[in-house]
Number of protein chains: 2
Amino acid sequence: MKLYGYFRSSASFRVRIGLNLKNIAYDLEPIHLLRDGGEQYSDQFAAVNPQRLVPVLADGEHLLTQSLAILEYLDESHPSPPFLPAAAKGRARVRALAQIIACDIHPLDNLRVLKYLTKELEVGEEDRAVWYRHWIALGLGAMEDMMAGDAMTGEFCHGDSPTLADICLVPQIFNARRFDTELDGYPTVMRIFDTCMALDAFDRAQPENQPDAQ
Amino acid sequence: MKLYGYFRSSASFRVRIGLNLKNIAYDLEPIHLLRDGGEQYSDQFAAVNPQRLVPVLADGEHLLTQSLAILEYLDESHPSPPFLPAAAKGRARVRALAQIIACDIHPLDNLRVLKYLTKELEVGEEDRAVWYRHWIALGLGAMEDMMAGDAMTGEFCHGDSPTLADICLVPQIFNARRFDTELDGYPTVMRIFDTCMALDAFDRAQPENQPDAQ
């Protein structure tokens with residue numbers, strides 16, 4: 001497989017974790033989101049993804065977009081180890097936790113949104129950082145409330161092996177730290193983050209370990 | 001089942017369509033997002049969803065959150081008619097189209113985000129409307145590019161029966177129209193919207209047909 005991604009993109013980071021957990025070898029095609037006004041805006045990349053976002057996963061000639069869709073595809077095409085529990089209620093819980101991050105935090109703190117705040121709405125640096133941390137605090141607070149004291153929470157977000165929820169959580173914590181977000185209020189979240197990062201599949205996927213990290 | 005929702009919430013609208021397509025009867029528990037500063041902020045509702053967002057679906061005593069997770073749950077627990085095609089590549093395409101809306105448009109135009117723009121960043125009404133339409137145009141433009149001329153597009157976003165992608169698309173078009181978004185540039189998207197709205201399951205789910213619509 002081939003992954004079009006950017007070392008710091010947290011959606012790319014999710015897919016790297018997923019590929020590592022499934023033990024799938026892949027080639028990296030780095031798309032630098034800041035260089036030359038953003039390589040994702042090249043005509044060449046438009047043919048890969050009309051939405052001009054990373055990640056894109058190529059499975060042979062077949063191109064896949066949207067990180068959560070890619071992860072579900074990997075799980076369906078390479079079932080072991082599973083990213084989701086077997087029963088529908090557990091699967092719904094894992095997906096809901098993943099979507100708190102993927103739908104309610106990350107889209108608001110994405111590079112293109114931060115750029116819009118600065119360029120179109122003339123939001124200053126400090127107000128932009130407050131915005132960034134606001135959505136993280138709301139989302140992680142909800143995750144903490146949902147996971148702490150819930151018997152379905154285990155060593156990981158759901159049970160004792162990593163799922164889609166952990167795959168989304170870890171890159172979000174990296175982002176939170178980059179913007180100096182206070183994380184003391186989320187002890188369950190952070191315990192799980194540490195458990196994940198002790199695994200090679202998560203560690204190898206982190207931004208600084210990518211060949212395109214400057 | 002019982003649905004906690006709000007007539008105008010597009011994530012609630014998605015779940016209403018899903019329940020109708022699966023022919024599942026449900027009771028409505030209206031949560032008015034504007035009345036009394038927002039009923040989702042009541043202590044009572046915090047016990048239902050710590051994230052304080054609608055929709056929440058109660059299947060017996062079991063509470064489910066996040067609209068896409070709820071829809072996948074409905075599809076797994078009530079397989080017919082399916083919301084996803086059978087093969088992994090088709091499933092990935094449908095999920096990616098759904099996520100363009102659920103991850104890249106809707107979170108940016110959500111009520112809580114519009115409120116933040118107004119109250120915290122003092123963004124004026126016109127700039128806020130431009131923001132709203134900007135993310136819709138980007139997302140619908142990408143959907144149009146991905147669907148037009150793709151043989152996998154049929155009467156609906158994928159093939160000739162409604163999927164998760166159509167379920168997300170329809171409420172987004174309602175939102176776009178509420179904010180006077182120009183939609184002439186998306187002929188494939190709008191053809192599919194019209195096809196969906198001719199179905200009773202979609203029509204019955206629309207905001208104005210809800211008992212809590214004022």
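Everything in this summary refers to the structure shown in the same document.

What follows covers the packing of helix H7 (residues 164-178) of chain B against helix H8 (residues 187-197) of chain B. Residues and elements named next belong to chain B. Interaxial distance between H7 and H8 falls to 10 Å at its minimum, and their mutual angle equals 105°. It follows from the interaxial angle that H7 and H8 lie roughly perpendicular. Along the contact surface, H7 presents Asp166, Leu169, Val170, Ile173, Phe174 and Arg177, while H8 presents Val189, Met190, Ile192, Phe193, Cys196 and Met197. Broken down by class, the residue content of the contact of H7 with H8 amounts to 10 nonpolar, no polar and two charged.

Here we take up the relation of the copies chain A and chain B. Overlaying chain A on chain B yields an RMSD of 0.0 Å, the required transformation being a rotation through 180° with an accompanying axial translation of 0.0 Å. What the rotation and shift describe, once combined, is the action of a two-fold rotation axis. Closest approach to the rotation axis among the C-alpha atoms of chain A is made by A:Cys103, whose C-alpha sits 2.4 Å away. In this assembly the copies share their binding face: 100% of the residues contributing to the interface of chain A also contribute to that of chain B.

This part takes up the side chain of B:Asn49. Residues and elements named next belong to chain B. Tracing the backbone through its elements, the reader meets Asn49 in the loop between helix H2 (43-48) and strand E3 (56-59). For Asn49, a relative accessible area of 2% translates into the label buried. Within the structure, the side chain of Asn49 is placed 2.9 Å from the backbone nitrogen of Gln51, a separation counted as a polar contact. Separated by 2.8 Å, the side chain of Asn49 and the backbone oxygen of Leu53 make a polar contact.

In this structure the tally under the stated criterion is one cavity of 30 Å³ or more. Volume-wise, the largest cavity comes out at about 110 Å³. Around the largest cavity sit A:Leu68, A:Glu72, A:Arg95, A:Ala98, A:Gln99, A:Leu164, B:Leu68, B:Glu72, B:Arg95, B:Gln99 and B:Leu164, which together line it. At the level of elements, helix H3 (67-77) and helix H4 (88-104) of chain A together with helix H3 (67-77) and helix H4 (88-104) of chain B are the ones that each hand at least two residues to the lining of the largest cavity.

This part takes up the sheet that holds E3(B). Residues and elements named next belong to chain B. In space, the four strands of this open sheet follow the order E2-E1-E3-E4, with mixed pairing throughout. Either end of the sheet is taken by a strand with one partner, and the two such strands are strand E2 (27-30) and strand E4 (62-65). Ignoring which end each strand starts from, the neighbouring axes of this sheet average 20° apart. Judged from the three bridges that link them, strand E1 (residues 2-5) and E3 form a sheet pairing that is antiparallel. Residue Lys2 lies in a different strand from E3, and its bridge partner there is Ala58. Most of the contacts of helix H1 (residues 10-21) go to E1, to which it runs at about 155°, and overall it touches E1 and E3.

What follows deals with the interface of chain A and chain B. Chain A puts 40 residues into the contact, and the matching count from chain B is 40 residues. Of the roughly 3900 Å² buried at the junction of chain A and chain B (both faces included), carbon and sulfur atoms supply 66%. Considering only the surface of chain A that becomes buried against chain B, A:Lys89, A:Arg112 and A:Tyr116 emerge as the three largest contributors, covering 14% of it. For the interface between chain A and chain B, the tally reads eight salt bridges. A salt bridge links B:Asp104 to A:Arg112; the shortest N-O distance between them is 3.9 Å. Across the contact surface, chain A and chain B share 12 residue pairs in polar contact (both at pLDDT 80 or more). For the side of chain A that touches chain B, the per-class residue count stands at 25 nonpolar, six polar and nine charged.

Criteria and thresholds
Residues numbered from 1 in each chain as written. Chains lettered and ligands numbered in written order. Predicted model: local features only at pLDDT ≥ 70, side-chain atom pairs only at ≥ 80, totals over all residues. Heavy atoms only, no water. Axes fitted to C-alpha atoms, helices over the stretch in contact; angles between N-to-C directions. Helix = DSSP H or I, 4+ residues; strand = E, 2+ residues; numbered from the N terminus. Parallel < 35°, antiparallel > 145°, perpendicular 65-115°, else oblique. Contact = heavy atoms within 4.5 Å. Nonpolar A, V, L, I, M, F, W, Y, C, P; charged D, E, K, R; others polar. Least-squares fit on C-alpha atoms with pLDDT ≥ 70 in both. Buried < 20%, exposed > 50% of the residue type's maximum accessible area, 1.4 Å probe, protein only. Polar contact = N/O pair within 3.5 Å; in protein donor to acceptor, adjacent residues only side chain to side chain. 1 Å grid on protein atoms, 1.4 Å probe; cavity = no way out; pocket = protein on both sides within 12 Å on 5 of 7 lines; lining within 4 Å. Points joined across faces, edges and corners; volume = space filled by probe spheres on them. Pairing = 2+ DSSP bridges. Buried area = accessible area lost by both parts, 1.4 Å probe. Salt bridge = Lys/Arg side-chain N within 4 Å of Asp/Glu carboxyl O.

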